[in-house]
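# Chain and residue survey
Residue strings, one per chain:
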Amino acid sequence: MNPLTLDEIKQIELDLLKIFDAFCRENHIRYFLSNGTLLGAVKYNGFIPWDDDVDVLVPREDYDRLITLFQDRDTVRLVSFERDPAYLFPFAKLCDTTTVKDEIGVDNGVLLGLNVDVFPLDAWDSDWETARREAKTIKKNISCLSLAKLHKTNAPSAVKRAVQRVLMLFCKMRGCRAFLQNIVRQSNKAEQDGKTYLGCKAWCIYGEREIIPAEVFASAVDVTFEDGTFPAPVGYDTYLRRLYGDYRADPPPEKQKTHHRFLAYRTENESRL
């Protein structure tokens, strides 16, 4: 089978986003475009030209309802650790089951297709320094989880691969489940009310930059993404500047590439149609 092209990947993911949007509207579930998807909507009215994924943020209360309410379909499946204990991410993915996504050298616990990443929007501690320490701890656990899931080292140099090999051994001894449970416990704290800071705690790969003023998410505004209209946080400019700095400027040509490493294929049954 030949890998799907970038344009084919984008079309499948856009179709998934439309399914997700329709379900959320029907069930009164709030969500926002986020990360590179929101950046693409604001700058390009669609995908970043070199990007290959779709990200959304769902406030925790609505996220929990989504996990409970969504019914899988013939070609679409919502995967989360709450629904499948073998799954090894602390956030959900809405997957296209007519495709297979090979994240080279990574064990995600279950077979995944092309997908929309569905991140919970959680409260940070109202004290900035406490929130920063939380972000640092969660990011460390995310790094350890990622290392535990690797089949083999993938660092760019021999020295870094040697260091990575040692860290991988330690993380695999602890086990993916331990780090996953730590992230979930640290990201969803009932005592944090979210009146000051909100953000994607469960996958805060940007560390303290994910600590966003709560007013950014006070309401939604519509933005164009490809041939549809989807909700963005009302404070999207603050959000994007927090994550990316001067996001209006294009990165240099050598950095205009995806940070993901995967190949995607149609499933065997689908390829015969």
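The structure reproduced in this document is the subject of the present report. (Residues numbered from 1 in each chain as written. Predicted model: local features only at pLDDT ≥ 70, side-chain atom pairs only at ≥ 80, totals over all residues. Heavy atoms only, no water.)

We now examine unusual backbone geometry. For asparagine 45, which is not glycine, the phi torsion reads 55 degrees and is therefore positive. Locating asparagine 45 in the fold gives a position in the loop between helix 2 (35–44) and strand 2 (54–59). Under the relative-accessibility criterion, asparagine 45 is labelled partly exposed at 46%. For glutamate 226, which is not glycine, the phi dihedral falls at a positive 55 degrees. The residue glutamate 226 is located in the loop between strand 9 (220–225) and strand 10 (228–233) in this model. (Helix = DSSP H or I, 4+ residues; strand = E, 2+ residues; numbered from the N terminus. Buried < 20%, exposed > 50% of the residue type's maximum accessible area, 1.4 Å probe, protein only.)

Interhelical geometry of helix 4 (residues 128–149) versus helix 6 (residues 176–187) gives an angle of 155 degrees and a closest axis separation of 9 Å. It follows from the interaxial angle that helix 4 and helix 6 lie roughly antiparallel. Like other packed secondary-structure pairs, helix 4 and helix 6 cross with a definite hand, here left-handed. Together, Thr137, Ile138, Asn141, Ile142, Cys144, Leu145, Ala148 and Lys149 of helix 4 and Cys176, Phe179, Leu180, Asn182, Ile183, Gln186 and Ser187 of helix 6 make up the contact between the two elements. (Axes fitted to C-alpha atoms, helices over the stretch in contact; angles between N-to-C directions. Parallel < 35°, antiparallel > 145°, perpendicular 65-115°, else oblique. Left-handed = near helix turned anticlockwise from the far one by under 90°. Contact = heavy atoms within 4.5 Å.)

The next point concerns the pattern of salt bridges. Per the counting criterion, the structure on display carries 15 salt bridges. Two residues, arginine 30 and aspartate 62, come together in a salt bridge whose shortest N-O distance is 2.6 Å. Separated by 32 residues along the polypeptide, arginine 30 in the loop between helix 1 (6–26) and strand 1 (32–33) and aspartate 62 in helix 3 (residues 60–69) bring together distant segments of the chain. The partly exposed category is assigned to arginine 30, whose relative accessible area is 47%. Here aspartate 62 and arginine 65 are joined by a salt bridge, their closest N and O atoms 3.7 Å apart. Within this pair, aspartate 62 and its partner arginine 65 are both found in helix 3, separated by three residues, close to a single helical turn. Given a relative accessible area of 5%, aspartate 62 falls into the buried group. Put simply, Arg30, Asp62 and Arg65 are held in one network by salt bridges that share partners. (Salt bridge = Lys/Arg side-chain N within 4 Å of Asp/Glu carboxyl O.)

Turning our attention to helix 5 (residues 158–174). Between its first and last C-alpha atoms helix 5 spans 25 Å; for 17 residues at 1.5 Å apiece the expected length is 24 Å, and the two agree. Here helix 5 has its buried residues at Gln164, Met168 and Cys171. For helix 5, the angular spread of the buried residues around the axis is 70 degrees, confining them to a single face. Turned more than 90 degrees away from the buried face of helix 5 sit Ala158, Val159, Val166, Leu169 and Met173, all of them exposed. The inward-facing, buried residues of helix 5 abut helix 4 and helix 6. (Expected span 1.5 Å × (residues − 1). Arc of directions from axis to C-beta.)

Here we take up the pairing of strand 2. In terms of burial, strand 2 is a largely internal element, six of the six residues being buried. Burial of the side chains of strand 2 extends over both faces: Val54, Val56 and Val58 are buried on one face and Asp55, Leu57 and Pro59 on the other. Across two bridges, the pairing between strand 1 and strand 2 is antiparallel. Pairing of leucine 33 across the sheet is with valine 56, part of strand 2. Bridge count between strand 2 and strand 6 (residues 115–123): six bridges; the pairing is parallel. Residue pairing across strands places valine 54 opposite valine 116, the latter belonging to strand 6. (Pairing = 2+ DSSP bridges.)

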